[in-house]
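# Residue-level structural notes
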Amino acid sequence: MTNFVVEMQVPKSASNPDTWVSYGWTILNVFDLKREMNSGVWKLPLYQSPVQASIDCRDINTLQRIP
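## Some points on unusual backbone geometry
- Cis rather than trans, the peptide bond between serine 49 and proline 50 has omega equal to 10°.
- As for its position among the elements, proline 50 is in the segment after β3 (47-48).
- In this model, arginine 35 sits at a positive phi of 65°, which is unusual for a non-glycine residue.
- Among the secondary structure elements, arginine 35 is positioned in the loop between β2 (16-29) and β3.

Encoded structure:
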């Protein structure tokens, strides 16, 4: 299975827009179980940082989501 992990970053402050910090992250399965590329439109949940790229997909529901 191939996953695409995306980290969302925001400026640290309005007075210092050159410094960015991690806000959250999400994961998307690139291929399905038939090895076909997933395509379409999704609403992906955003999880609290730090990024956990090595997490088992079965454990994602235990992560803290950002509302």
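## Looking at the packing of aromatic side chains
- In the structure shown here, the tally under the stated rule is one aromatic pair.
- An angle of 45° between the planes, with centres 5.5 Å apart, marks the rings of tryptophan 25 and tyrosine 47 as tilted. A residue pair is termed long-range when its members are at least 10 positions apart, and tryptophan 25 in strand β2 and tyrosine 47 in strand β3 qualify at 22 residues.
- A relative accessible area of 0% places tryptophan 25 in the buried class.
- Here tyrosine 47 falls in the buried class, since its relative accessible area comes to 6%.

The rules behind each value
Residues numbered from 1 in each chain as written. Predicted model: local features only at pLDDT ≥ 70, side-chain atom pairs only at ≥ 80, totals over all residues. Heavy atoms only, no water. Helix = DSSP H or I, 4+ residues; strand = E, 2+ residues; numbered from the N terminus. Phe/Tyr/Trp six-rings, centres within 6.5 Å; stacked < 30°, edge-to-face > 60°. Buried < 20%, exposed > 50% of the residue type's maximum accessible area, 1.4 Å probe, protein only.

Note that all results are geometric; they support no functional claim without further evidence.
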